[in-house]
Each structure stands twice: as C-alpha cells, then as structure tokens.
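Take a look at the letters that make up each chain.
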Amino acid sequence: MRSHEAGALHGDFGHGPSWLRPPTDVNDLLPQLWASTVERDAGGVVNVGGISVVDLAAEFGTPIYVVDETDFRERLAAFKSAFFDRFGQGSVYYAGKAFLCKAVARWVDESGVNLDVCTGGELAVALAVGMPGERLAFHGNNKSEVELAAALDAGVGRIVLDSFDEIGRLTVLARQHGVRPKVLIRTKVGVEAHTHEYIATAHEDQKFGLSLAEASMAADQIIAEGVLDLAGLHSHIGSQIFDTTAFEVAAKRVLGLHHRIAATNSVTLPELGLGGGFGMAYTTQDDPQSPERLADGLAKIVEHECAAYGIDVPHISVEPGRAICGPTTFTLYTAGTIKPVELDAGQLRCYVSVDGGMSDNMRTALYNASYSATLASRVSDAAPVLARIVGKHCESGDIVVRDEFLPGDVAPGDLLAVPGTGAYCRSMASNYNHVPRPAVIAVADGAARVIVRGETVDDLLRLDVG
Ligand SMILES: Cc1ncc(COP(=O)(O)O)c(C=O)c1O
Ligand SMILES: N[C@@H](CCCC[NH3+])C(=O)O
C-alpha cells in the first residue's frame, strides 16, 4: 500500500468505469455540465455570477448549494419560449418537487411559467409568494382532505386525480365548497421508461395513477356526475429520460383513451398533460435535448397521433423539473480526509472525504446516480488520480461522486464543486447523523444571497423536545 506522500498521490489510480477516461486537462469545466455563468477566473478559481467560490466559502461556509440565478431564469425562459411557441400559453409547469423555495417560486412566477406542486407544503410556498392559484397544478397520490380543501380555497387551476378514493374525496369537498374544480386524470400507460426503477412511474406495478381501463371508468364517472370539470388526461412516465420513443408510446396510448372518451361521451377533453422527466447532463455520458427539440419532437408525436385518430390536437402541457433546476446548481464542499485505498488488482482509489455527503445528496446512494466534480479553489498540473468523493456519514454507501479524476495533489482544505445538484438534492436532503441541511445561495451579477438558510445543530436540538 502506498501512502499519501508529501501532498501528492502516487501509484496506479487507473480504475474506473469504462466511459470515464482521464481528462486531458483535469481543470477544464465542460460547459454541458455547468451553469452558464460558471468559469475559472485568471487565478484558476471557479467563479459563478462573477463571484469566486473562495469568497462564497469564506462568507457562507461549506457545504452550500450554489444556484446560478441567471442560468435558472434562462432555463425557465427557454422552456417557456420553446413550448409556448409550439403548444400555446401556459403549456409549461415547473415541477417544484425538484427544488422549491420562495425565491424559486418568484422566479417561476416572473417567468410566466406555471408551477406544479405535489403537497400542501409546496402549495404553501407558491401561495406565500402570491402565485395565482390558477397557474398551479396539484399532483400527489395521497392528497389529504386538508390539502384538497386548501387547493380549492386557493383556486388551483388543475388538480391531477390519482385514484378513485381521491375522486370521491374531491367530489364531496367540491360540493361543500360550491365550486367545480378543473381536474386531470393521471394514467399509467404501461410504458417502461429507460431510467432507474424507482424513478419510472408509468409501469403497472407502482403507486401512481390509474391504469387506462380504470382511467376510462373514472372519466365516465366524472363526466356523468358533473361535479368536477374534467379537463383532460395526464401521463408522466418517469424521470431522467432521454429517449423520446417512450413518450411516443405513452402519447399514443393516452390519446387512444382521449379519443374513446370523446366517442362514448360526446365530450372532447380540451387538454392533455404529458408530464416531465426530461433528462439532464450529470456526466459526459448524458446528452439531453434542447427545449426546442423536445417541444418539436413532442409536437410531431401528438400531431401524428391526433391525425391518425382524426381528432383535434388538445392543449398540451409538460412539467419539467430536473431539466430546469438541475444544471443551475453546484454543491460546494471542503475536502477533509484523503485516503488512498488499494483495490484487488493492486490499483488505488483515492477516497476524498468532504464535509457533507448523503444527507445533502442522497441520489448516488438511492439511485446509483452518477455525478462529476472539480477542484474548484485552484488549478493544478499534478497528474490526475481516480477519486471517489465520499461524505462524513456513518455509512459506507455515503458516496457523492462514485468516480472522478482529480489532480493528484488534492489536499485537505481544497474546495470541491459537484455540478448538476439543483434537482432533488436539497429537496430530498435529510438530517442523517444530526447533520444540518446546507444553505442555498443564489448568485447573480456579482451578488450572492442566502435564499434558504442553512440549518444549525441548535435548530435540530430545538426540534428535539426531550
Ligand atoms: C407528475 C410529475 N411531473 C413532473 C415530474 C418532474 O420530473 P423531472 O424533474 O424529472 O422533470 C415528476 C417527477 O418525476 C412527476 O412525478
Ligand atoms: N427524486 C427523483 C425523481 C423522482 C421525481 C418525482 N416523481 C430523482 O432524484 O431523480
């Protein structure tokens, strides 16, 4: 076993997945993995929105989530223009589950994009910034009566029904409130999207939505009762999807039902929700489509299917989460313990421990997700070593970045940045091991501000009422 000698790692750090090649320049920031204002300054320090990560770490500490506000607003605008052009006003709902706080809700509101919420908590964030209820869609497989009543009080524009139980609950509440809310029925179209099992949502054996046969009965029931205003069907097939064929099959199936409902009830449903799930780039292996290409692709699919059924194209809406917020953010960590570990073949893996971990990014442990990383506080011409970035939790699966090449002189105190952490990292963060959840810092035009305060151990102790 060779040791970590004199500040530089030596030995054979050659292992890694077959796609991961030692970079020609380990200091390069590949533009497809970073938010638009991220660059290295003349001194080699990573900057975002004109502020260096060294200054951010000095002011706010680490770990922190750093959001490039300019990039976030640009992505909202790009989805809006691509989809509003093809599908009309209001056709994009930002999926708040990916990351939502008041600042983000304001950016969404100001952009003109609508918002998809899936709990009373997310609904409360939207209402707290004055987002009009009409511009909200409310999802969820187990919305409580309290949540449904709050949605009715707020005049939520679309309630997406997920079960017969919920149809019953909402029907009673709508009568009590004297309102006729617009609803969509979430279908599971039996498509196996090429994604991780836990983030695929349209196969039969999972909790979301109604099968096409059930959705058909549900539609007949809602139309016959007339208490709820059935605006359309909805399908969401999963997350981190790159392959449009899955959307094609889903659209074909759900439009088949849309057509049948029109034929049997003489009611043409005006809308169709196609969900979100558009993939983003976590590593060089991911090649996401631009919003324009996505919008074009979906438009062609829907127009083709509608023509085949001889029906008008309904008003299409989509709910991108990850593709908007994911690339906007990196997590900034400080490196601590550095440990070369000998592997079976005599090769070495350099374990770099950081001051966060699976509590601020559980996606690697939960989905075997891949991330990349860079040494952010300086550049280095030391030979690259294959590194694994791990957290500080008492768990060997506490891995943030499974495989990445870092300069061989990576050392305690260095700042490391992990891009692509804007989606489902802060929103799924935990307090495992009583680790406080990090702050979220928004940076734009040379100014940085806290948009979600970081927790402290005192916050956690205050919850613990003994
Ligand atoms: C109904 C619904 N809409 C939208 C999304 C957003 O997905 P993504 O963040 O992958 O775009 C999800 C999450 O998978 C979802 O369940
Ligand atoms: N949380 C998941 C995706 C689920 C999205 C919501 N249905 C992720 O991190 O990828």
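Residues numbered from 1 in each chain as written. Chains lettered and ligands numbered in written order. Predicted model: local features only at pLDDT ≥ 70, side-chain atom pairs only at ≥ 80, totals over all residues. Heavy atoms only, no water.

A.B. asks: Hey, could you go over the site of ligand 1 for me, with residue numbers and the actual values?
C.D. replies: Near ligand 1, the surroundings consist of 15 residues, among which His236, Ser239, Glu319, Arg322 and Tyr424 are the closest. Ser239 is positioned such that a nitrogen or oxygen atom in its side chain is 2.3 Å from an oxygen atom of ligand 1. In the environment of ligand 1, a nitrogen atom lies 2.7 Å from a nitrogen or oxygen atom belonging to the side chain of Glu319. In isolation ligand 1 has 390 Å² of accessible area, and contact with the protein removes 93% of it. Among the residues making up the shell around ligand 1, the classes are represented as 4 nonpolar, 6 polar and 5 charged. (Near = heavy atom within 4 Å. Polar contact = N/O pair within 3.5 Å; in protein donor to acceptor, adjacent residues only side chain to side chain. Areas by Shrake-Rupley, 256 points an atom, 1.4 Å probe, with all protein chains shown as cover. Nonpolar A, V, L, I, M, F, W, Y, C, P; charged D, E, K, R; others polar.)

A.B. asks: Account for the nonpolar core, with residues named and values stated.
C.D. replies: Phe83 and Tyr94 are the most contacted members of the largest nonpolar core, which has 117 residues in total. Looking at which element gives the most residues to this core, the answer is helix H8 (residues 244–265), with 8 residues. By size, the runner-up hydrophobic cluster in this structure holds 23 residues, among which are Leu33, Val46, Phe330 and Ala376. (Core = buried A, V, L, I, M, F, W, Y, C linked by side-chain atoms within 4.5 Å. Buried < 20%, exposed > 50% of the residue type's maximum accessible area, 1.4 Å probe, protein only. Helix = DSSP H or I, 4+ residues; strand = E, 2+ residues; numbered from the N terminus.)

A.B. asks: Could you give an account of the pattern of salt bridges, naming the residues involved and the relevant values?
C.D. replies: Here the structure, examined in full by the defined rule, presents 22 salt bridges. For Arg378, the salt bridge goes to Asp409, with nearest N and O atoms at 3.1 Å. Placement of Arg378 in the loop between strand E18 (374–375) and strand E19 (384–390) and of Asp409 in the loop between strand E20 (399–407) and strand E21 (415–419) is noted, with a sequence separation of 31 residues between them. By relative accessible area, which is 23% here, Arg378 ends up partly exposed. Notably, a salt bridge pairs Asp414 with Arg378, separated by 2.8 Å at the nearest N-O pair. A residue pair is termed long-range when its members are at least 10 positions apart, and Asp414 in the loop between E20 and E21 and Arg378 in the loop between E18 and E19 qualify at 36 residues. With relative accessibility at 8%, the residue Asp414 sits in the buried group. Put simply, Glu69, Arg73, Glu110 and Arg449 are held in one network by salt bridges that share partners. (Salt bridge = Lys/Arg side-chain N within 4 Å of Asp/Glu carboxyl O.)

A.B. asks: How would you explain the pairing of strand E16 (residues 329–342) if you had to name every residue and give the values?
C.D. replies: Taken together, the 4 bridges between strand E6 (residues 64–68) and E16 define a ladder with antiparallel strand orientation. Considered in E16, the bridge of Val67 is made with Thr329. Where E16 meets E21, 5 bridges bridge the pair, whose relative direction is antiparallel. Bridge pairing links Thr331 to Val418 in E21. In terms of strand pairing, E16 meets strand E17 (residues 348–354) through 6 bridges, oriented antiparallel. (Pairing = 2+ DSSP bridges.)

A.B. asks: So what's going on with the environment of Ala193? Residues and values would help.
C.D. replies: Relative to the assigned elements, Ala193 resides in the loop between strand E11 (182–188) and strand E12 (210–211). C-alpha separation for the pair Ala193 and Phe247, spaced 54 residues apart in sequence, amounts to 8.5 Å.

A.B. asks: Now, about helix H5 (residues 145–154): what can you tell me, with residues and values included?
C.D. replies: Restricting attention to buried positions, one finds in H5 the residues Leu148, Ala149, Ala151 and Leu152. What you see down the axis of H5 is that its buried residues fit within an arc of 155 degrees, all on one side. Residues of H5 that are exposed and angled more than 90 degrees away from the buried face: Val146 and Asp153. Residues of H5 that are buried make contact with helix H4 (120–128), strand E9 (136–138), strand E10 (158–161) and helix H6 (164–177). (Arc of directions from axis to C-beta. Contact = heavy atoms within 4.5 Å.)

A.B. asks: Just give me the short version of the sheet that holds strand E3 (residues 39–40), but keep the residues and values in it.
C.D. replies: Here 3 strands make up an open sheet; going across it, the order is E3-E4-E5 and the pairing antiparallel. This sheet does not close on itself; its edge strands, each paired only once, are E3 and strand E5 (51–52).

A.B. asks: Go over the packing of aromatic side chains, please, and point to the residues and values.
C.D. replies: In this structure the tally under the stated criterion is 9 aromatic pairs. Ring geometry for Phe83 and Phe278: centres 6.3 Å apart, planes at 20 degrees, overall stacked. Separated by 195 residues along the polypeptide, Phe83 in helix H2 (residues 69–87) and Phe278 in the loop between strand E14 (271–273) and helix H9 (291–309) bring together distant segments of the chain. Neither residue differs from the other here; Phe83 and Phe278 are each classed as buried. Summarising the aromatic geometry, the rings of Phe247 and Phe278 are spaced 5.4 Å apart at their centres and angled 40 degrees between planes, so their arrangement reads as tilted. Of this pair, Phe247 sits in helix H8 while Phe278 sits in the loop between E14 and H9; the two residues are 31 residues apart in sequence, bridging distant segments of the chain. A single burial state applies to Phe247 and to Phe278, both of which are buried. Through a chain of ring-to-ring contacts, the aromatic side chains of Phe79, Phe83, Phe87, Phe247 and Phe278 assemble into a single cluster. Seen from the ring of Phe138, Lys143 lies directly overhead, with NZ or CZ sitting 5.9 Å from the centre. (Phe/Tyr/Trp six-rings, centres within 6.5 Å; stacked < 30°, edge-to-face > 60°. Lys NZ or Arg CZ within 6 Å of the ring centre and 35° of its normal.)

A.B. asks: Give me the environment of Ala335: which residues, what numbers.
C.D. replies: One can find Ala335 in strand E16. Judged by its relative accessible area of 5%, Ala335 is buried. For the pair Ala335 and Gly140, spaced 195 residues apart in sequence, the C-alpha to C-alpha distance is 39 Å.

A.B. asks: I'd love a proper account of the side chain of Arg426, names of residues and values included.
C.D. replies: With respect to the secondary-structure elements, Arg426 resides in the loop between E21 and strand E22 (439–444). Among buried Asp, Glu, Lys and Arg side chains, Arg426 stands out as unpaired, with Glu455 the closest opposite charge at 5.1 Å. Beyond its immediate sequence surroundings of up to four residues, Arg426 is in contact with Tyr65, Phe99, Asp360, Arg437, Pro438, Val440 and Val452. (Lys, Arg positive; Asp, Glu negative; His and termini not counted.)

A.B. asks: Quick one: what's the story with the confidence of the model for the protein, residue by residue and with numbers?
C.D. replies: In the predicted model, the protein carries a mean pLDDT of 94, and the fraction of residues at 70 or more is 96%. Averaged pLDDT values for the elements of the protein fall to 50 in strand E1 (residues 4–5) and rise to 99 in E6. Taken together, the chains of this predicted complex give a pTM of 0.96 and an interface ipTM of 0.98. (pLDDT = per-residue confidence, 0-100.)

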